[in-house]
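Notes for the structure review
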Amino acid sequence: MATLEIKDLHAEVETEEGSKEILTGVNLTVSSGETHAFMGPNGSGKSTLAYAIAGHPKYNVTSGSVLLDGEEVLEMSVDERARAGLFLAMQYPVEVPGVSMSNFLRSAATATRGEAPQIRHWVKEVKQAMGNLEIDESFSERSVNEGFSGGEKKRHEILQLDLLDPKFAILDETDSGLDVDALRVVSDGINRYRESGDKGVLLITHYTRILKHIKPDYVHVFVGGQVVESGGPELADELEESGYVRFANKKEATVQS
Amino acid sequence: MTESTLETSGRDGLDEQAGGQRNSAAPPRSSRGHRFTSYDVEAFEVPGGREEDWRFTPMKRLRGLHDGSASATGSLRVEVDGSSAAKVETVGRDDERLGTGGAPADRVAAQSWNSFTEATVVTIPKETRAADPVTVTVHGPGRDSTAYGHLQVRAEPMSEATVVLDYRGSGVIGDNVEMIAEESARLSVITIHDFEGDATQVSSEHAHLGKDAVFRHFAVTLGGDLVRVNTKVTFADRGGDAEILGVYFTDGGQHQEHRLLMDHAQPNCRSNVTYKGALQGDSARSVWIGDVLIQAAAEGTDTFELNRNLVLTEGARADSVPNLEIETGEIAGAGHASAIGRFDDEQLFYLQARGIPYDQARRLVVRGFFGEILQKITIDEVRERLEAAIDEELAAVGV
Ligand SMILES: Nc1ncnc2c1ncn2[C@@H]1O[C@H](COP(=O)(O)OP(=O)(O)O)[C@@H](O)[C@H]1O
Ligand SMILES: [Mg+2]
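Because the structure is a prediction, the values reported are computed rather than measured.

1. Let's talk about the coordination of the magnesium ion (ligand 2)
Distances from the magnesium ion (ligand 2) to its protein donors, Ser47(A) (OG) and Gln91(A) (OE1), fall within 2.1 to 2.2 Å. Pair noted here: Ser47(A) is in helix H1 (residues 46–54) and Gln91(A) is in the loop between strand E6 (86–89) and strand E7 (96–100), with a separation of 44 residues, a long-range link.

2. Regarding the nonpolar core
Core analysis: the largest hydrophobic core is formed by 115 residues, its most contacted members being Leu23(A), Phe104(A), Leu171(A), Phe249(B), Val366(B) and Phe370(B). When residues in this core are grouped by element, the largest group, eight residues, is from helix H3 (residues 358–374) of chain B. Excluding anything up to four places from it in sequence, Phe249(B) contacts Thr221(B), Leu222(B), Gln254(B), Gln256(B), Ala278(B), Gln280(B), Leu312(B), Val366(B), Phe370(B), Ile390(B), Glu393(B) and Leu394(B). Formed by 49 residues, the second largest nonpolar core is a distinct cluster that contains Ile124(B), Leu209(B), Val233(B) and Cys269(B).

3. Some words on the side chain of His206(B)
Of note, His206(B) is situated in strand E10 (residues 200–209). Within the local environment of His206(B), its side chain forms a polar contact with the side chain of Asn176(B), the two groups lying 2.9 Å apart.

4. Some details on the interface of chain B and chain A
Listed by partner, the interface residues are 18 residues for chain B and 32 residues for chain A. The contact between chain B and chain A buries some 2100 Å² in all, and 68% of this surface belongs to carbon and sulfur atoms. Broken down residue by residue, the surface that chain B buries against chain A is led by Phe349(B), Tyr350(B) and Arg354(B), which jointly contribute 39%. Inspection of the region where chain B meets chain A yields two salt bridges. Its salt-bridge partner being Glu346(B), residue Lys58(A) comes within 3.7 Å of it at the nearest N-O pair. Across the chain B-chain A interface, the total number found is ten residue pairs in polar contact (both at pLDDT 80 or more). Secondary-structure elements contributing two or more residues to the side of chain B that touches chain A are helix H2 (345–352) and H3 of chain B.

5. Side note on the side chain of Lys153(A)
Residues and elements named next belong to chain A. Position of Lys 153 among the secondary structure elements: in helix H5 (residues 150–164). On the accessibility criterion, Lys 153 (16% relative accessible area) is buried. Apart from residues lying up to four places away in sequence, Lys 153 is in contact with Pro 93, Glu 95, Asn 145 and Phe 148.

6. Thoughts on the site of ligand 1
All names here are of chain A. As a structural note, the neighbourhood of ligand 1 is formed by 14 residues, with Gly 43, Lys 46, Ser 47, Thr 48 and Tyr 59 the closest of them. Here an oxygen atom of ligand 1 and a backbone polar atom of Ser 47 are 2.9 Å apart. Note that an oxygen atom of ligand 1 is positioned 2.5 Å from one of the side-chain N or O atoms of Thr 48. Those elements giving two or more residues to the shell around ligand 1 turn out to be strand E1 (3–15), strand E2 (18–31) and H1. No other element matches the three residues that H1 contributes to the shell around ligand 1.

7. Thoughts on the domain arrangement of chain B
All names here are of chain B. Domain parsing of chain B yields domain 1 (74–342) and domain 2 (344–399). Each of domain 1 and domain 2 has a C-alpha centre, and these two points are 25 Å apart. Contact residues are listed per partner, giving 29 residues for domain 1 and 19 residues for domain 2. Interface area, domain 1 with domain 2, both sides summed: about 1900 Å², of which 71% is carbon and sulfur. Seen at the junction of domain 1 and domain 2, the total is three salt bridges.

8. Brief notes about the pattern of salt bridges
Residue and element names in this part refer to chain A. Taken as a whole, this structure holds 39 salt bridges over all chains when the rule is applied. The salt bridge partner of Glu 5 is Lys 7, with a shortest N-O separation of 3.8 Å. Residue classification places Lys 7 among the partly exposed residues on the basis of a relative accessible area of 39%.

9. A short note on the sheet that holds strand E5 (residues 71–72) of chain A
Residues and elements named next belong to chain A. Spatially, four strands are ordered E2-E1-E4-E5 in an open sheet, and the strand pairing comes out antiparallel. Unpaired on one side and paired on the other, E2 and E5 mark the two borders of the sheet. Sheet topology places strand E4 (residues 59–68) next to E5; two bridges connect them, and they run antiparallel. Within the sheet, the bridge partner assigned to Leu 67 lies in E5 and is Glu 72. Packed on one face of the sheet, H1 meets E1, E2 and E4 and runs near 80° to E2.

10. Things to note about the UniProt feature "domain: SUF system FeS cluster assembly SufBD core" (unreviewed entry) in chain B
Those residues carrying the UniProt feature "domain: SUF system FeS cluster assembly SufBD core" (unreviewed entry) are residues 143–369 of chain B in this numbering. A distance of 34 Å separates the end C-alpha atoms of residues 143–369 of chain B, which is 9% helix and 59% strand.

11. A word on the packing of aromatic side chains
The final tally for this structure, using the stated rule, is twelve aromatic pairs over all chains. Plain terms: the ring middles of Tyr51(A) and Tyr59(A) are 5.3 Å apart, the flat faces sit at 15° to each other, and that makes the pair stacked. Owing to a relative accessible area of 13%, Tyr51(A) belongs among the buried residues under this scheme. Relative to Phe44(B), the ring of Phe36(B) has its centre 5.4 Å away and its plane inclined at 65°; by these criteria the two rings are edge-to-face. The structure contains a cluster of three or more aromatic residues connected by ring pairs, namely Tyr51(A), Tyr59(A) and Phe349(B). Between the NZ or CZ atom of Lys276(B) and the centre of the ring of Phe369(B), over which it lies, the distance is 4.9 Å. Between the NZ or CZ atom of Arg354(B) and the centre of the ring of Tyr350(B), over which it lies, the distance is 5.0 Å.

Quick notes on the rules
- The numbering scheme is per chain: residues are counted from 1 as the chain's sequence reads.
- Chain A is the first chain written and ligand 1 is the first ligand written, with later ones labelled in order.
- Selection of residues for local features in this predicted model requires a pLDDT of at least 70, selection of side-chain atom pairs for listing and counting requires 80 or more, and totals for whole chains, interfaces and linings are taken over all residues.
- Heavy atoms from the whole structure form the basis of all side-chain values; hydrogens and water molecules are not counted.
- Coordinating donors are taken to be N, O and S atoms lying within 2.8 Å of the metal, or within 3.2 Å when the metal is Na, K or Ca; because water is excluded from the atom set, some sites may appear incomplete.
- For helices the rule is a DSSP run of H or I covering at least 4 residues; for strands it is a run of E covering at least 2, with both sets numbered from the N terminus onward.
- Take the buried residues of types Ala, Val, Leu, Ile, Met, Phe, Trp, Tyr and Cys, join any two whose side-chain atoms come within 4.5 Å, and each joined set is a nonpolar core.
- Residue burial is assigned from relative accessible area. The probe radius is 1.4 Å, only protein chains are included, and a residue is buried under 20% of its type maximum, exposed over 50%, and partly exposed in between.
- By definition, residues are in contact when any of their heavy atoms lie within 4.5 Å.
- Nitrogen and oxygen atoms within 3.5 Å of one another constitute a polar contact, given that in protein one can donate a hydrogen and the other can accept it, and given that sequence-neighbouring residues count only through two side-chain atoms.
- Joining two parts hides part of their accessible area as seen by a 1.4 Å probe, and the buried area is that hidden amount summed over both.
- Salt bridges are identified by distance alone: a Lys or Arg side-chain nitrogen within 4 Å of an Asp or Glu carboxyl oxygen.
- When we say a residue is near a molecule or strand, we mean one of its heavy atoms is within 4 Å of it.
- Domain borders in the structure are assigned automatically or taken from a domain database.
- Should DSSP find at least two bridges between two strands, the strands are taken to pair.
- Lines fitted to the C-alpha atoms define the axes, with helices restricted to the stretch that makes contact. Angles between their N-to-C directions range from 0 to 180 degrees.
- UniProt positions are given in the numbering used here, feature names are shortened, and annotations may be inferred rather than shown by experiment.
- Here a pair means two rings of Phe, Tyr or Trp (six-membered ring of Trp) with centres within 6.5 Å. Their orientation is stacked below 30 degrees between planes, edge-to-face above 60, and tilted elsewhere.
- Two limits define a charge over a ring: the Lys NZ or Arg CZ must be within 6 Å of the ring centre, and within 35 degrees of the ring normal.

The structure is reproduced here in structure tokens:
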């Protein structure tokens with residue numbers, strides 16, 4: 001069984017006005033086989049947490065630790081983290097002009113698998129994965145994310161999740177900007193990944209609607225750069241009913257207590 | 001660490017000033033398009049380096065090409081291979097055909113014109129289609145030797161050919177290249193400046209398009225200590241169509257300068273200029289000047305010019321100056337865009353976040369930057385050679 005442990009993580013972002021602390025001590029453990037919904041209002045630092053774990057150069061971790069099966073992730077380069085089994089589906093996937101999707105996917109699969117996939121298998125595998133996500137074949141020859149609609153970008157993030165098959169997936173607002181059909185297609189993709197083995201999922205979301213498709217084992221409420229309450233699926237129901245109001249002042253309370 | 005992209009763009013001539021907002025250069029409002037030309041060296045003053053045409057060029061590294069002190073001490077070796085459909089001649093200075101493609105517009109071009117001893121003339125006869133490319137390989141005179149050259153490529157009416165002009169070797173070289181596409185001819189010229197590190201070249205290219213001629217030019221600049229190329233396209237009649245593409249990879253210490261002038265004097269002609277350059281290493285320096293002149297008679301002109309630079313390391317510098325001069329309101333379109341971007345950390349992060357190691361991610365991004373333009377090279381060997389050269393350049397700085 002694999003575990004991803006986040007311990008007292010503090011991180012700041014570089015802004016024009018200097019560094020700004022965003023993560024104020026995050027504690028969370030995700031084990032394989034578990035899906036954790038991670039919910040918080042806009043600006044609470046959800047993406048910052050995702051980026052800090054993935055190693056984005058704009059986010060500086062000032063203290064704390066992220067352990068993947070006991071190994072310190074924070075000491076790894078971005079690509080090492082990915083090869084160690086971490087995957088981040090980004091809220092805003094990046095356009096890479098001039099690099100075809102097929103070249104990109106094959107390079108990524110070669111890197112994470114440690115060897116180039118056999119071409120015949122690979123072509124079939126990609127074709128099937130694209131079919132499952134209702135992505136037209138013509139996308140293979142297009143530049144990575146360039147000119148894709150929001151929904152197309154999200155489908156391609158899940159396509160990568162499927163092909164790279166990591167131990168842990170952090171999905172940053174994969175549901176936002178999707179219409180009802182696309183939400184179903186993308187959720188099915190995430191569920192296929194969950195069912196493919198002992199996978200850990202950190203499902204970052206602002207809304208509860210994706211939780212109708214993907215049943216979490218745990219729900220965490222994230223406010224002001226830290227987890228202020230954790231519970232089971234019923235916590236999501238409460239958020240659905242009454243929003244984040246009850247939690248808005250909770251961070252101060254935790255700090256004072 | 002952060003991306004800083006400097007971009008200017010405009011459309012329709014109304015934004016003509018956009019070219020002047022760039023910090024690197026505000027061209028004087030006097031015309032840059034109407035140029036003085038002469039075959040007489042003394043008609044041009046010795047440039048000192050402050051003149052608009054020379055202010056980006058490190059004059060010392062011209063090795064005397066500009067001031068008359070570089071007398072010929074060697075010669076160029078020219079080999080022509082390829083299609084038997086082309087007629088290849090070596091001719092003397094007195095050959096009447098020489099100079100019909102265009103006259104020198106600066107002192108070095110005039111010096112070269114007056115200093116070559118023999119010229120190579122490649123002719124594609126009327127209504128002939130040269131199936132295979134014609135390759136003209138020009139070897140420099142050798143380290144510390146100076147040579148002047150002259151080449152004319154002439155595609156006669158309704159002919160079709162691709163010519164590869166491949167510069168190699170060492171030395172100091174001044175030359176003029178005439179590229180003439182007569183009525184309804186289709187002429188493509190791929191020029192590769194792939195010198196040794198010591199070489200200095202100042203080359204003046206004169207493209208001359210007849211009625212409905214289609215001209216394709218692809219400039220590749222890789223080597224040399226200093227390479228300065230002036231490319232002027234003259235539309236001699238209506239309906240001409242010119243697409244001028246360029247790729248350069250400027251390394252530490254190199255100066256590579258491309259100066260273009262699309263001179264639209266005839267109605268209903270089209271020009272499209274796209275140059276992309278990557279720079280890396282200490283004092284790598286590239287200069288791109290894209291002038292377009294749309295004269296009063298040139299109604300229905302459609303033109304666009306684009307230059308993008310990717311600065312890979314600190315210490316490298318790109319200058320990019322587009323300039324449109326429009327003397328008629330009756331045009332189909334005119335615009336330009338120019339950008340100098342740093343290596344994009346977001347792109348690198350995205351690729352690395354999928355497990356792709358840093359050096360490979362960097363290669364993918366740079367290849368991607370050049371990709372769309374490289375795809376336009378129709379000769380596989382040339383494209384592969386260029387791709388390999390780019391990979392080699394990237395490997396050279398130990399990434
Ligand atoms: N790259 C950045 N530059 C400046 N501020 C940032 C950057 N990234 C995040 N922030 C700031 O950090 C805070 C948390 O942002 P983010 O992690 O994106 O929140 P969430 O994903 O929960 O909406 C916000 O106040 C946001 O403005
Ligand atoms: Mg976010």
